[in-house]
Amino acid sequence: MKYLVLTAQLFFATLLMAQSPYISRVWEYKPAPGQFVNILPEYEEGDDVEAMCRKAEEAIANNNKGMITLGGWGGYVVFGFDHLIVNRPEAKDFVVLGNAFYSNQQTAKTGGSCEPGIVMVSYDANGNGQPDDEWYEIAGSEYTNPQTIHNYELTYYRPSEDHVATPSLVNPKTFIDTTHIAWEDNQENKGYMYQLVYHKQPYYPLWIDDNTVTFKGTRLPDNYADESGNGTYYVLYAYDYGYADNHPNNNEKAQIDIDWAVKADGTPANLPGIHFVKVYTGVNQQCGWLGETSTEIMGAEDLDPAFHTAVENVTMPSLPVKRFINGQLYIIQGTKIYTVTGLIVNK
Ligand SMILES: [Ca+2]
Ligand SMILES: [Ca+2]
Ligand SMILES: [Ca+2]
């Protein structure tokens, strides 16, 4: 009997360790060029794709609340959890943490520093624990906006080795290289991402060997306005719902409902839950001295209330009740906690 109790306690302890509401692993980190790229996280000579992925994980997994940049439009991160985030009915299921904030200036719409990232989700359908299954886009508030471009494609070019900086004629002290990163899209647009005096490091990801990098996905309409009219004050307006880094983390509008996931043809994906999330920068815009808009990620969290019930705080009712503890269903009666199969897990 003692042996059984010990086994049960070990089982319970293991179970607690295995379940975390936070990101447990970063699977891929591939930012587009950007003013914080090679800084957040920091590139050091010799770092390869895998090393940078581990640095991104160190920053945003396990509730570490560091920060990574995704660079300009299309740059992305793929991360996962150690359990299924259940699609709870009539409820928001998870939140991706960014660094969005509202301006304290009074404006007609909600805005400030809102840099919306497209959120995609995946269910581990083949059960191998890896994100090699189908991806579904979270259809946020702008999914059906006629200005949203689905199937957008954008290619960025690494500056050539003999690249010479082209300072701005108007403001050379701020815009130190107006031809830093050339880009072109599949809508017959091309242009340059400029380099700002505030961030003088190369903007192209230094650990990527290829001289071009191409991203595909959904491009949201531009969300900025130069409210000063003279380039001194830019406001990036928040979209209503369904994006990352678009509302402050503690705002309910930052939360995502898995019910919003759609298939490629726009019909509901009807997912029971998700294991993996991909986030990419959703706008392709540059805002004067603020530079290009880039989604930042600080973490992600399962919103299941079970994770907000610490095991030491479980009250012991006299009648048997079912309760989720760290995502697992238990039956509690008196001072005892049972699994659903009747195994006593405390004493
Ligand atoms: Ca839900
Ligand atoms: Ca899989
Ligand atoms: Ca941001």
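Residues numbered from 1 in each chain as written. Chains lettered and ligands numbered in written order. Predicted model: local features only at pLDDT ≥ 70, side-chain atom pairs only at ≥ 80, totals over all residues. Heavy atoms only, no water.

Colleague: Quick question: what am I supposed to make of the layout of surface pockets here?
Modeller: Any empty space left between the atoms is revealed when a probe the size of a water molecule rolls over them. Taken as a whole, the largest pocket encloses approximately 410 Å³ of empty space. Lining the largest pocket we find 25 residues, and of these Phe101, Ser113, Glu115, Leu236 and Leu290 sit closest to its centre. With three residues, the single largest contributor to the lining of the largest pocket is strand β14 (residues 234–237). In the lining of the largest pocket, the residues fall into twelve nonpolar, ten polar and three charged. (1 Å grid on protein atoms, 1.4 Å probe; cavity = no way out; pocket = protein on both sides within 12 Å on 5 of 7 lines; lining within 4 Å. Points joined across faces, edges and corners; volume = space filled by probe spheres on them. Helix = DSSP H or I, 4+ residues; strand = E, 2+ residues; numbered from the N terminus. Nonpolar A, V, L, I, M, F, W, Y, C, P; charged D, E, K, R; others polar.)

Colleague: Could you clarify how one ought to interpret the coordination of the calcium ion (ligand 3) in this entry?
Modeller: Metal coordination angles have textbook ideals: 109.5 degrees for a tetrahedral set of four donors and 90 or 180 degrees for an octahedral set of six. Asn99 (OD1), Glu115 (OE), Asp245 (OD), Asp245 (OD) and Glu296 (OE) make up the full set of protein donors to the calcium ion (ligand 3), lying at 2.3 to 3.1 Å. Judged by relative accessible area, Asn99 falls into the partly exposed class, the value being 26%. (Donors = N, O, S within 2.8 Å, 3.2 Å for Na, K, Ca; no water. Buried < 20%, exposed > 50% of the residue type's maximum accessible area, 1.4 Å probe, protein only.)

Colleague: Is there a simple way to explain unusual backbone geometry in this structure?
Modeller: The phi torsion of most residues other than glycine is negative, and most of the peptide bonds are trans. Cis rather than trans, the peptide bond between Leu40 and Pro41 has omega equal to 0 degrees. Structurally, Pro41 is set in the loop between β1 (25–30) and α2 (49–60). Within the chain, Asn63 stands out as a residue other than glycine whose phi angle is a positive 60 degrees. You can see Asn63 is positioned in the loop between α2 and β2 (68–69). Residue classification places Asn63 among the partly exposed positions, given a relative accessible area of 29%. Positive phi is not limited to glycine here, since Asn151 has a value of about 60 degrees. You can see Asn151 is positioned in strand β9 (residues 149–157).

Colleague: Looking at this model, I keep getting lost on the sheet that holds β9. Mind explaining?
Modeller: Strand pairing within a sheet occurs via backbone hydrogen bonds; the two strands may be parallel or antiparallel. Read from one edge of the open sheet, four strands run β11-β10-β9-β12, paired in antiparallel fashion. Two strands bound the open sheet, and with one partner strand each, they are β11 (190–196) and β12 (212–219). Averaged over all neighbouring strand pairs, the angle between strand axes comes to 35 degrees, with direction disregarded. The pairing of strand β10 (residues 175–185) with β11 spans six bridges and is classified as antiparallel. Residue Ala182 lies in a different strand from β11, and its bridge partner there is Tyr192. (Pairing = 2+ DSSP bridges. Axes fitted to C-alpha atoms, helices over the stretch in contact; angles between N-to-C directions.)

Colleague: Can you walk me through the pairing of β9 in this structure?
Modeller: Regular strands show a simple pattern: their side chains alternate between the two faces of the sheet. Bridge analysis of β9 against β12 gives seven bridges, and the strand direction is antiparallel. The partner of Thr155 across the bridge, within β12, is Thr214. Inspection of the sheet shows β9 paired to β10 by three bridges, in the antiparallel sense. When the bridges of β10 are listed, Thr155 appears paired with Glu184.

Colleague: Whenever I open this one, the coordination of the calcium ion (ligand 2) confuses me. Can you help?
Modeller: At the metal site, the calcium ion (ligand 2) is ligated by Asp124 (OD), Asn126 (OD1), Asn128 (OD1), Gln130 (O), Asp132 (OD), Asp133 (OD) and Asp133 (OD), and these contacts range over 2.3 to 2.9 Å. For the calcium ion (ligand 2), all donor residues lie on one chain, and their spacing in sequence is D-x1-N-x1-N-x1-Q-x1-D-D.

Colleague: What should I look at first to understand the pairing of β14 in this one?
Modeller: By the alternation rule, side chains of β14 split into Tyr234 and Leu236 and Val235 and Tyr237, which are all buried. Two strands pair when backbone bridges link them, and strand β13 (residues 224–226) and β14 are joined in this way by three bridges, in the antiparallel orientation. Bridged to Ala225 within β14 is Val235.

Colleague: I tried to follow α2 on my own but got confused; where do I start?
Modeller: The periodicity of an α-helix, 3.6 residues per turn, causes residues three or four places apart in sequence to face the same way. With twelve residues, α2 should reach 16 Å at 1.5 Å per residue; the first-to-last C-alpha distance of 17 Å fits that figure. All of the buried residues in α2 are Met52, Cys53, Ala56, Glu57, Ala59 and Ile60. Each buried residue of α2 lies within a common arc of 160 degrees when the element is viewed along its axis, so the set occupies one face. Elements in contact with the buried residues of α2: β1, β2, β3 (76–86), β21 (296–297) and β22 (299–302). Taken from the residues just after α2, Asn62 is the one with a positive phi, measuring 55 degrees. (Expected span 1.5 Å × (residues − 1). Arc of directions from axis to C-beta. Contact = heavy atoms within 4.5 Å.)

Colleague: Can you help me understand the pattern of salt bridges in this one?
Modeller: Pairing between side chains of opposite charge can happen when their charged atoms approach one another. Using the criterion set out here, one finds seven salt bridges in the structure. Note that Glu50 and Arg54 form a salt bridge whose closest N and O atoms lie 2.3 Å from each other. With Glu50 and Arg54 both in helix α2 and four residues apart, this pair spans about one turn of that helix. Between Arg54 and Glu57 there is a salt bridge, with its nearest N and O atoms 2.9 Å apart. Taken together, the residues span about one helical turn, with Arg54 and Glu57 both in helix α2 at a distance of three residues. By relative accessible area, which is 19% here, Glu57 ends up buried. Through salt bridges with shared partners, a single network forms among Glu44, Asp47 and Lys55. (Salt bridge = Lys/Arg side-chain N within 4 Å of Asp/Glu carboxyl O.)

Read these as spatial facts, not as claims about activity.
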